[in-house]
Amino acid sequence: MSKEQASDQPLDRALAILTTVASAARPISVTDIAAACALAGPTAHRLVLQLEKRGLLKRALGSKKVLGGDALLNLGLSALNAAVRSDRPHQVLLSVAAELGEHVQLGTRMDNDVLYLDTARAPRSGAGLQFEQGRRAPLHCTSIGKIFLAELSDDEFSWWLAHTPLQAATSQTITKPASLRSAVAKVRSTGWATSKDEFAVGVIGCAVPIRAADGRLIAGLGISVPDARVKFKELEKFRRSLAKAANLLSTEIAV
């Protein structure tokens, strides 16, 4: 939304504020919001208060800065979930699961977790970790989670690390900030993410990003397999098929 549009009508101004806050990926001051949206300070304060009353924005703990509220988060997740659960995106998941013979899942970020929106299981996939729809898992020990962490800027990632405990799910979970920095740097460099026994013992996985036409990260597409059947170094063989499916999904679920 352009600055001219933001100053056009009250609804445009409110949408501009919500877009600015959502894009900031961290708490932002009302002064910065006003500047980004080309609004007068009093106008920005008034609209922020109105959006806050409706649960679309909220104050960061111990700060006057604002971030997306529960109502805004639920609205976005509902829109994304509705798009994902339509027949065509699910059919893409079924197709790639059948092609690879493994369990695949599609997830997005919710707070410090990956929220799994949809899954597909291959008939011959057998045992393995299955992330059912609605299940959550920590960002730092999942492949899809690392995709979202890699999307943060250096400052945003440092802020996230400083405020997020890296709890261990297994003995292989990355719990040291320096180690997670290295893992995320690798994701940024290669464009895909892997995990090895980090959320469940004996399960490895990998994931690729699903992006909108403008490059915005929408979700992650991942696969989880038992390491008794697939070796960690063999995960590369799944990458091309996952990337192809991610491109198809990007046109179906862009919101």
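Above this text is the structure in question.
Since the structure is predicted, the reported quantities are computational estimates derived from the model, not experimental observations.

Peer 1: Would you mind going over unusual backbone geometry with me for this structure?
Peer 2: With the exception of glycine, the majority of residues adopt a negative phi angle, and the majority of peptide bonds are in the trans configuration. Positive phi is not limited to glycine here, since aspartate 111 has a value of about 60°. Mapped onto the fold, aspartate 111 is located in the loop between strand 3 (103-110) and strand 4 (113-120). Residue class for aspartate 111 comes out partly exposed when judged on its relative accessible area of 48%. Even without being a glycine, aspartate 197 presents a positive backbone phi close to 60°.

Peer 1: Hey, could you run me through the pattern of salt bridges in this one?
Peer 2: Two side chains carrying opposite charge are able to pair once their charged atoms lie near each other. The full count for this structure, using the stated rule, is 8 salt bridges. The partner of arginine 59 in a salt bridge is glutamate 52, and the shortest N-O contact between them spans 3.1 Å. Arginine 59 sits in the partly exposed class, given a relative accessible area of 30%. Between aspartate 154 and arginine 188 there is a salt bridge; the shortest N-O distance is 2.9 Å. In this pair, aspartate 154 sits in helix 8 (residues 154-163) while arginine 188 sits in helix 9 (residues 177-190), placing the two residues 34 residues apart along the sequence. On the basis of relative accessible area, aspartate 154 is assigned to the exposed category, the value being 53%. Judged by relative accessible area, arginine 188 falls into the partly exposed class, the value being 36%.

Peer 1: Where do I start with the layout of surface pockets in this structure?
Peer 2: Quantified by volume, the second largest pocket comes out at close to 220 Å³. If you go around the second largest pocket, the residues you meet are Lys146, Ile174, Ala183, Lys186, Val187, Thr190, Trp192, Ala193, Thr194, Lys196, Glu198 and Phe232. Mapped by element, the contributors of at least two residues to the lining of the second largest pocket are helix 9 and strand 6 (193-196). At 4 residues, helix 9 tops the list of elements feeding residues into the lining of the second largest pocket.

Peer 1: Is there a simple way to think about the environment of arginine 216 in this case?
Peer 2: Within the secondary structure layout, arginine 216 lies in the loop between strand 7 (203-211) and strand 8 (217-226). On the basis of relative accessibility, which here comes to 37%, the residue arginine 216 falls in the partly exposed class. Here the alpha-carbon distance between arginine 216 and glutamate 151, two residues 65 residues apart in the chain, equals 9.4 Å.

Peer 1: How should helix 4 (residues 41-53) be read in this particular structure?
Peer 2: Because an α-helix packs 3.6 residues into every turn, residues spaced three or four apart end up facing the same way. Between its terminal C-alpha atoms helix 4 stretches 18 Å, which fits the 18 Å expected from 13 residues at 1.5 Å a residue. Taken residue by residue, helix 4 has Thr43, Ala44, Leu47, Val48 and Leu51 as its buried positions. Angular distribution of buried residues about the axis of helix 4 spans 130°; they occupy a single face of the element. Those residues of helix 4 that are exposed and aimed more than 90 degrees away from the buried face are Pro42 and Lys53. Buried positions along helix 4 lie against helix 2 (10-24), helix 3 (30-37), strand 1 (57-59) and strand 2 (66-68). Following helix 4 by one or two positions, glycine 55 adopts a phi angle in the positive range, close to 80°.

Peer 1: Just checking my understanding: could you explain the packing of helix 8 against helix 9 for this structure?
Peer 2: Two numbers describe a pair of packed helices, the interaxial angle and the distance between the axes. At a minimum axis separation of 12 Å, helix 8 and helix 9 run at an interaxial angle of 145°. The interaxial crossing formed by helix 8 with helix 9 has right-handed handedness. Across from Asp154, Phe157, Ser158, Trp160 and Leu161 in helix 8, the residues of helix 9 making contact are Pro177, Leu180, Arg181, Val184 and Arg188. Residue composition of the contact of helix 8 with helix 9, grouped by class: 6 nonpolar, 1 polar and 3 charged.

Cut-offs applied
- Here, residues in each chain are numbered from 1, in the same order as that chain's written sequence.
- Selection of residues for local features in this predicted model requires a pLDDT of at least 70, selection of side-chain atom pairs for listing and counting requires 80 or more, and totals for whole chains, interfaces and linings are taken over all residues.
- Excluded from the side-chain calculations are hydrogens and water; all other atoms, namely the structure's heavy atoms, are used.
- Secondary structure elements follow DSSP: runs of H or I no shorter than four residues count as helices, runs of E no shorter than two count as strands, and numbering proceeds from the N terminus.
- Classification of residues uses two cut-offs on accessible area relative to the type maximum, computed with a 1.4 Å probe and protein chains only: under 20% is buried, over 50% is exposed, and between them is partly exposed.
- Only one rule defines a salt bridge in this text: a Lys or Arg side-chain nitrogen within 4 Å of an Asp or Glu carboxyl oxygen.
- Residues are called lining when one of their atoms sits within 4 Å of a cavity or pocket point, these points coming from a 1 Å grid over the protein atoms alone, where a cavity is a set in which a 1.4 Å probe fits but cannot get out and a pocket is an open set with protein on both sides within 12 Å along at least five of seven lines.
- Grid points are joined across faces, edges and corners, and a volume is the space filled by probe spheres set on the points.
- Given the number of residues in a helix, its expected span is that number minus one, multiplied by 1.5 Å.
- Note that the arc is defined by the directions from the helix axis to the C-beta atoms.
- In what follows, residue pairs with any heavy atoms lying within 4.5 Å of each other are defined as contacts.
- Simply put, an axis is a line fit to the C-alpha atoms, just over the touching stretch for a helix, and the angle between two N-to-C directions goes from 0 to 180 degrees.
- In this scheme the crossing of two helices becomes right-handed for a clockwise turn of the near helix relative to the far one and left-handed for an anticlockwise turn of less than a right angle.
- In the scheme used here, Gly and all other residues not listed as nonpolar or charged are polar, with Ala, Val, Leu, Ile, Met, Phe, Trp, Tyr, Cys and Pro taken as nonpolar and Asp, Glu, Lys and Arg as charged.

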